[in-house]
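# Survey of secondary and tertiary structure
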Amino acid sequence: MFHSPHLPGDPALERALRAALEGEVRFDRFTRGIYATDASHYQIEPIGVVFPKHVKDVSAVFDVARTHGVPVLPRGGGTSQCGQTIGRAIVLDTNRHLTGIGEIEWTPDDPRHPAEIEVEPGVVLDDLNAHLRPHGLWFPVDPSTSSRATIGGMAGNNSAGARSIQYGMMVDNVSALDALLADGRHVRIGKGGNESEQISSELTALRALYAREAAEIERVRPRTMRNVAGYDLDRLAPDQNLSGLFIGSEGTLSFFSRLRLKLSALPTKRVLGVCHFPSLVTALDAVQHLVILGPSAVELVDGHVLALASEHPDFAHAMKSFVRGSPGSLLLVEFAGQDGDLDLPERLDALEERLTAIGFPDSLVRAESAREQAAVWSVRKAGLNIVMSMAGPRKPISFIEDCAVPLEHLAEYAVAIDEIFSRHGTSGTWYAHASVGCLHVRPALNLRDPDDVRLVRTIAEETHEVVRRFGGTHSGEHGDGILRSEFLETMLGRRMTSAFAEVKQTLDPDGMMNPGRIVDPPRMDDRSLFRLGPDYPTPAEANRQLPVVLAWEDGGVLSTVESCNNNGACRKRDPGVMCPSFRATRDERHSTRGRANALRLALTGQLGEGGLDSAEMADAMSLCISCKGCRRECPAGVDMARVKLEWQHRQNQRKGVSLLDRALASLPRIAPVASRVAPLANFLGRNPVRGRFGLSTNREIPRWSRSPWRDGEVDPDGARASGDRTESTADVVLFVDTFTRWFESEHARAANAVLRAGPWTAGVLSPPGGERPLCCGRTYLSLGMLDEARHEAERLLNAARPWIEAGVPIVGLEPSCLYTLVDEMPALLPGREAEALAASSMMLEGFLAREAAEGRRVPYSDTNQERVLVHGHCHDKAFGGFGTTVDYLRSVPGLDVEIVAGGCCGMAGSFGYKSEHYETSMAMGELDVFPAVRAAEEDVTVVTDGTSCRAQIADGTSRHAEHVATLLARRLP
């Protein structure tokens, strides 16, 4: 058996792999560390990580592994909740390169599956469906992790999703696969395969096993619509597609090099009924009465999830449209069809009638538009991660969450499990694929506490006894892995687990493929395998590695990075904000998850001496562009931008600040001098010699304004630029940031003109007479110079104090600066004054929108029609301001507004100007922003508030982009 004597990072093995492969081989401690975890609570350091470029590389890995006697482990997105994708093995990351998508092959003789397609294992589900959508097709297995789940991982896990009641599971939607067996043979199994010739002896043995055990298989099979426990021995029957045996095998039998998928017609019309219930039990009892209506999905969201979601800005906004009051639970009942299907609204009528008949009249909220439904599903799909954001040491832990029971026992099951929780002094959070009886329930436990760790086994054993009593299964969707393999014998009997071992012995006799899963598993509560193991340091011990400067919640930086539950949402490639560096590089090091894991390991001493100061850590942190996307989009709330401030500050203290970084950071202090010689400064900025100082010669350096903004330009009838502002009659105060003041002063003048055109008296935020203009400290923050940033923050706060006390709103123009007041200022200067400043600060269009809602509007001209394409700054999106910008612009007469459906532009202040980052910066721009701007017709006005965004658009597309303020000023009469 391959119980490898090789230690992680074995140099001889690394050399052998490097010599054999074209793809990348990484055995460094940093990479091994960030691949030691998945979305479970386990942690096992791999021997090394390989990124195969093609199937030949995979074959080479197998050859080397057999020669050296080491196991191999396939991995896709690394979102397993049971520990399937971690182990002491060579990890094969398929998501980097094995992402090929074949041609669509139409199958008109199969109305249920009108087409098929072959894909490589690293293809992400959402990417595949984006490819299929123009053809009216989709791959209908839809787990909530679709934005990062790979097809190979889904097949290894036998994934399902919300709509499995209509479309089935992965095993029902794969017709064939190309597999690489442990002995190096490539076999085609299923449709178009010739497994009877390729693996004739193995097939004979497997068929004999089935013939011998058929009656026992039938006897012990759970009577549920979902079951992924062990190997699917039913697929060994002569009339079955043998590929089904490999689906759900968790990488223990073979490596999937190619999969043939059955495609379905994409529903073009859906309606959704949001059914409100007073309790979890009443909702679960109702499921059996609702599925007879033929829905495409019935999903449960319980009151705990709803309460937690209401505290998250994205989900709280979404919930306003579909949640009434404070329900104990919701059932989301969906019906799907095609355009013109007049029956769909009637299906909601039938649902309402059924609800009334079972005692819940007036409990239905209809979501018939795509936008309404997206809001509902955003909360449901994030349910798992929302519950992980619970405050306090106890977190919802996944170890019984995959149980499935027959629908008639759902409510009884919930009552029994709740009694178990109460008996052991805990509570649970629930969400579920209710239509198929698969309940995701997580008790809240503290895995630092030995008593709570002991409860893991106790609660699991008691829960499994309830599941067996109701004829259910302990593995309904997420597989066995480390977590449940141990219980297969208890659930299904020794005879069945012996049969599983026989399958493993037949196809992988040396145990090379992902050992210890399904067959010969470890104990599920072996603390040596836990992420928070018995030797894990206390927060106080760990945080001594990184003394903090900013204000943090209890637990400091360690608590923040520990809150990453490895759900992998930062690996998504859709056009959100998070995480632009991963989207550009597809490298785990450059995801929020990768950085959080690395920092956690370094803080707890698991990366050895120099972990925080290693070159690998510096590389990972260097591409964090502080977009703040994770602050909003990470369901666990990991704010990597703020963590990076502390890390960078520590690096500055230990290693000093480079001349270039010091010059860039000091812009607010040198600007008054440089501005006086603007022509000379502009000439020097264009000189190629700048490349010697680390600035890219491919960039157009910002040009100093020959007429920078002066605070005295504010409305002279309003507040003065200096003096006793407490006696001012100003209704609003303009904050002109460093970038706008010295480089693009026309935007400040435009904003002033817009404010003067409205019914307000404007003031300006300025220091006492004669002092250097105010700055938020953004340039210092971006380079981790926190002491200097605090100095700038104190100056600004002192100047703003009279306005804060008077309750006057402070309006900004540059998002990165304005949101510094909102986000970093209270962390730099904790206290009520900074919090009050944050509460009173907003972007110009946010102020205008708020005032318009109260009837105070700017009178715009509607004589000229103008098409506008708007790109949102990352910080504006992260704080929820971009939606307000778009809505306000759409209210301006004569504007036809579209938005760039994309994430970060890639410039990020000084990041994109540096030679070392230029290519990555441009790659980020090419993801969404550049293509959208290039596709816009010449008469379309491109608009974005960010100084960096405008510069990046100019460099990447040669298009000029305007600030919102100048657009609005041009619309004045």
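Residues numbered from 1 in each chain as written. Predicted model: local features only at pLDDT ≥ 70, side-chain atom pairs only at ≥ 80, totals over all residues. Heavy atoms only, no water.

Another aspect to go through is the overall build of the protein chain. For the protein chain, the count of helices and strands is 43 helices and 25 strands. Against the 2.2 N^0.38 benchmark of 30 Å for 973 residues, the protein chain shows a C-alpha radius of gyration of 30 Å, consistent with a compact globule. In terms of principal-axis extent, the alpha carbons of the protein chain reach across some 95 × 70 × 55 Å. In the protein chain, which comprises 973 residues, the share counted as buried stands at 63%. (Helix = DSSP H or I, 4+ residues; strand = E, 2+ residues; numbered from the N terminus. Rg over C-alpha atoms; globule rule 2.2 N^0.38 Å. Buried < 20%, exposed > 50% of the residue type's maximum accessible area, 1.4 Å probe, protein only.)

This part takes up the state of the cysteines. Joining two cysteines, a disulfide is a covalent bond between their sulfur atoms. In total, this model carries zero disulfides according to the counting rule given. Among the cysteines around C570, which has no disulfide bond, C579 carries the closest sulfur, lying 6.2 Å off. Counting only cysteine sulfurs, C874 is the nearest neighbor of C904, a cysteine outside any disulfide, at a range of 3.5 Å. (Disulfide = S-S within 2.5 Å.)

Another aspect to go through is unusual backbone geometry. With an omega of -10 degrees, the peptide bond running from M578 to C579 counts as cis. As for its position among the elements, C579 is in the loop between α22 (556-562) and α23 (580-585). With phi around 65 degrees, S958 is a residue other than glycine that occupies positive phi space. Tracing the sequence through the fold places S958 in the loop between α42 (947-957) and β25 (961-962).

Let us look at the sheet that holds strand β12 (residues 297-302). Strands sit in the order β14-β11-β13-β12-β16-β17-β15 across an open sheet of seven strands; the sheet is antiparallel. Only two strands of the sheet have a single partner each, and these edge strands are β14 (364-367) and β15 (395-396). With six bridges connecting them, β12 and strand β13 (residues 329-337) associate as antiparallel partners. Looking across to β13, one finds that L300 is bridged to L331. (Pairing = 2+ DSSP bridges.)

It is worth spelling out the packing of aromatic side chains at this point. Each aromatic ring pair is summarised here by two numbers: the centre-to-centre distance and the angle between the ring planes. Taken as a whole and judged by the stated rule, the model has 10 aromatic pairs. Measuring from ring centre to ring centre gives 5.4 Å for W138 and Y167, while their planes differ by 90 degrees; the resulting arrangement is edge-to-face. Taken together, the positions of W138 in strand β7 (residues 137-138) and Y167 in helix α6 (residues 164-167) put the pair 29 residues apart, joining distant regions of the chain. A cation over a ring is seen here: R96 above F51, with NZ or CZ 4.4 Å from the ring centre. In this arrangement the basic side chain of R270 is found over the ring face of W138, its NZ or CZ atom lying 5.2 Å from the centre. (Phe/Tyr/Trp six-rings, centres within 6.5 Å; stacked < 30°, edge-to-face > 60°. Lys NZ or Arg CZ within 6 Å of the ring centre and 35° of its normal.)

Its 12 residues place the ends of helix α24 (residues 592-603) 16 Å apart at the C-alpha level, agreeing with the 16 Å of an ideal helix rising 1.5 Å per residue. Counting buried residues in α24 gives 12 out of 12 residues, a clear majority hidden from the surface. In the segment just after α24, G605 is the residue with positive phi, at about 80 degrees. (Expected span 1.5 Å × (residues − 1).)

Attention now moves to the sheet that holds strand β3 (residues 72-75). Reading across the sheet, the four strands line up as β1-β2-β4-β3 and stay open at both edges, with mixed pairing between neighbours. Both edges of this open sheet fall to β1 (24-26) and β3, since each of them pairs with a single strand only. Here the average twist between neighbouring strands, direction ignored, is 20 degrees. Sheet topology places β1 next to strand β2 (residues 48-51); three bridges connect them, and they run antiparallel. Across the sheet, V25 pairs through a bridge with V50, a residue of β2. Those strands touched by helix α3 (residues 55-68) are β2, β3 and β4 (90-93), and its axis lies near 175 degrees from that of β4. (Axes fitted to C-alpha atoms, helices over the stretch in contact; angles between N-to-C directions. Contact = heavy atoms within 4.5 Å.)

Residues lying three or four places apart along an α-helix face the same way, a consequence of the helix completing one turn every 3.6 residues. If you check helix α16 (residues 410-423), its first and last C-alpha atoms are 20 Å apart, about what 14 residues at 1.5 Å a residue would give, namely 20 Å. Contacts from the buried residues of α16 go to α10 (280-290), β16 (428-433), β17 (438-445) and α17 (450-469).

Counting all residues, the mean pLDDT for the protein chain is 92, and 96% of those residues have values of 70 or more. Here residues 717-727 is a poorly scored stretch, pLDDT under 50, and it has 23 contacts once near neighbours within four places are set aside; other chains count. (pLDDT = per-residue confidence, 0-100.)

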